[in-house]
Amino acid sequence: MKKQWETQCTQKTISLLSPLGTIQVSGCENGVHTIQILMDVAPAERSPERPLSCVVNDRPAETSPELQRCVDWLQAYFSEPRTAGSLPLPAFHHSTLQTDTFTSRVLQVLLRDVRFGETVSYKRLAEMAGNPRAVRAVGGAMRRNPVPLLIPCHRVISSSGQSGPYMRGEGNHLKQWLLTHESQRGAD
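Residues numbered from 1 in each chain as written. Predicted model: local features only at pLDDT ≥ 70, side-chain atom pairs only at ≥ 80, totals over all residues. Heavy atoms only, no water.

As recorded in an unreviewed UniProt entry, the protein goes by Methylated-DNA--protein-cysteine methyltransferase and comes from Tetraodon nigroviridis. Word for word, the UniProt comment on the protein under Sequence similarities (unreviewed entry) is "Belongs to the MGMT family." Listed under Subcellular location (unreviewed entry) in UniProt, the entry text for the protein is "Nucleus". (UniProt positions renumbered as here; feature names shortened; annotations may be inferred.)

Peer 1: Let's hear about the nonpolar core: which residues, and what values?
Peer 2: Counting 46 residues, the largest nonpolar core has I23, V25, L74, L110, L125, M142 and L149 as its most contacted members. When residues of this core are traced back to their parent elements, those giving at least two are β1 (12-18), β2 (21-28), β3 (31-37), α2 (65-79), α5 (102-113), α6 (122-128), α7 (135-143) and α8 (172-185). In terms of residue count, α2 provides more of this core than any other element does, eight residues in total. Summarising the domain contributions, this core has at least three residues from each of domain 1 (12-85) and domain 2 (95-184). Not counting residues within four places of it along the chain, the set of residues in contact with L110 comprises V120, L125, M142, I151, P152, C153 and V156. (Core = buried A, V, L, I, M, F, W, Y, C linked by side-chain atoms within 4.5 Å. Buried < 20%, exposed > 50% of the residue type's maximum accessible area, 1.4 Å probe, protein only. Helix = DSSP H or I, 4+ residues; strand = E, 2+ residues; numbered from the N terminus. Domains from an automatic or database assignment. Contact = heavy atoms within 4.5 Å.)

Peer 1: Please provide a residue-by-residue account of the pairing of β2, values included.
Peer 2: Among the eight residues of β2, seven are classified as buried, and the element is accordingly described as predominantly covered. By the bridge criterion, seven bridges tie β1 to β2 in an arrangement that is antiparallel. Looking at β2, one finds that S15 is bridged to Q24. Between β1 and the antiparallel strand that follows it, β2, lie two residues. In terms of strand pairing, β2 meets β3 through six bridges, oriented antiparallel. By the bridge assignment for β3, I23 is matched with I37. The antiparallel hairpin formed by β2 and β3 contains two residues in its connecting segment. (Pairing = 2+ DSSP bridges.)

Rendered as structure tokens:
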């Protein structure tokens, strides 16, 4: 159910072409609402030799500064990942991130404490968020993350070191690509 402040937003969407496929960023003047990875590029087309760029494919005539900040961050993440950490993140304007819930706390801890090229287990993230027994709830928080890539749910792995599911298991190949991208590009 949308909160009243969400229904009053005039959302706009920017479409980007990235090594992952098309990424759609939606938001309003107050911040980014969602990021969707459409998975329209076959995994075989994602290779280290492919240029790492993220270009605008479609944008409305006017965009908010927050949407532009998100586009700038995504472009840096794919082409010059070491610089992405120095860029300001856009404001978030999604109810999941505006409430005082365990999900919101987990996502904020992940954003704040797990850096580029690092990974964290679901168990450790539950501990960091203040409830060591809430490992399954951490998995649920990852599934409800409205802004993947910005809040790096791809960095959360199982305690065994396996990458674990991404995008309800349909994007496992994307998670592996992102982890490899960060490990290789962070060492440049």
